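# Topology and contacts: notes
The residues making up each chain are set out below.
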Amino acid sequence: MNEILTLDFGGSALKYALLNVRQEFSESGVMDAPKSGMEEFTNCVTSLYEKFKHRISGIAIALAGTLDSKSGYVFQSSTYTFMKEINLVEILNEKCPIPITLANDSNSAAMAEMNYGCLQGVSHAIVIILGSAIGGTIIHNGEIYQGKHFSAAEFSLLKTNGNDDGLDYIWAKKNGSNGLMRLVQKYKGTDKRYSGIEIFNMANQGDTDVIDAVDEFCRHLAVQIYNLQTIFDTERIAIGGGISAQPLLFELLDEYLNDIFRREEPFALTNVKPDVVPCKYQNNANLLGAYHHYVSKYGGQ
């Protein structure tokens, strides 16, 4: 009864794991995301609760959206659009009568890195999660900054073109996974769809078209990192998501960041280049962070 069932609700999949007091994964798995409505979502959580209820003392959830992690109230979720203006924890407690916590998925990743990973001892940092969209977290004075309306660091919606009124020029379109794929399609002159793994496999094997696409992707990413650094003056910026495991991403990114900051020197600007690093826990960060959020509220039990 000392394990916590942790759930990471993503855009296409639900990852789950049982974690013990030593932050060890004793069991884990992946399911299709329950996206048809609240009934499917609730049944999904309930089925996992019933499966593990003799082993667990609580449930920790990571979810994309604007939410209050203290009360479990979801204002809205861009991934699960049927979830709006509801107290998700109260709804789930009707069928799962054990302590349940809820945290934003990007903030969960940040908590994992702050407490166990690459951001230990760092007081001012930013976490950027590159996935289908772009998740983000701002860490100020060692604490996660959520903003007045719990919507700070919604990096996906940052504009990259001031003349556009739609969503064509938001940052998610540039540096989300679909943005990378579209660049590869452009450089290779094809409509074929590629996964992130396929793209970096081709790049690492010397496909010059794909390397050019990844290069442009990193140039866009470097510009936005520079902008964030200008605003927040961080010590370190951690990048997560599936492609954060790719050394090529950081090699190209470092080249562009060095170039940007070098060009600022003649103007005597005080912006300092941050330490840009990959997240330590990558695909497990949300699960581990959700676990930490639970423990910080209820203890290890």
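A quick note: this is a predicted structure, and the numbers were derived from the prediction, not measured. (Residues numbered from 1 in each chain as written. Predicted model: local features only at pLDDT ≥ 70, side-chain atom pairs only at ≥ 80, totals over all residues. Heavy atoms only, no water.)

### As for the pairing of strand β8 (residues 100-104)
Basically, it comes down to this: For every residue, the accessible area (1.4 Å probe, protein chains only) is compared with the maximum for its type, and the residue is labelled buried under 20%, exposed over 50%, or partly exposed between those bounds. Secondary structure elements are defined from DSSP: runs of H or I of at least 4 residues count as helices, runs of E of at least 2 residues count as strands, and each element is numbered from the N terminus. DSSP calls a pair of strands paired once it identifies at least 2 bridges connecting them.
Taking burial as the measure, the 5 residues of β8 include 5 buried ones, the bulk of the element. Of the two faces of β8, the one carrying Ile100, Leu102 and Asn104 and the one carrying Thr101 and Ala103 are both buried. In the sheet, strand β4 (residues 56-63) pairs with β8 via 5 bridges, with the strands oriented parallel. Of the residues in β8, the one forming a bridge with Ala60 is Thr101.

### Observations concerning the sheet that holds strand β12 (residues 236-240)
To keep things clear, this is the line we draw: To obtain an axis, a line is fitted to C-alpha atoms, over the contacting stretch when the element is a helix, and the angle between two such axes runs from 0 to 180 degrees between their N-to-C directions.
Across the sheet, 5 strands lie side by side as β11-β10-β9-β12-β13; this open sheet has mixed pairing. The open sheet terminates on both sides in strands that have one partner only, identified here as β11 (143-145) and β13 (275-278). Neighbour-to-neighbour, the strand axes of this sheet turn through a mean angle of 25°, independent of strand direction. As paired elements, strand β9 (residues 125-130) and β12 share 5 bridges and run parallel to each other.

### A closer look at the packing of aromatic side chains
Spelled out, the test is: For this analysis, a ring pair means two rings from Phe, Tyr or Trp (six-membered ring only for Trp) whose centres lie within 6.5 Å, classed as stacked if their planes differ by under 30 degrees, edge-to-face if by over 60, and tilted for the remaining angles.
A full pass over the atoms with the stated rule returns 11 aromatic pairs. With a centroid separation of 6.0 Å and 80° between ring planes, the pair formed by Tyr80 and Phe82 is classed as edge-to-face. The exposure class assigned to Tyr80 is buried, which follows from its relative accessible area of 0%. Here Phe82 falls in the partly exposed class, since its relative accessible area comes to 25%. Aromatic pair Phe155 and Trp171: ring centres 5.9 Å apart, planes at 50°, arrangement tilted.

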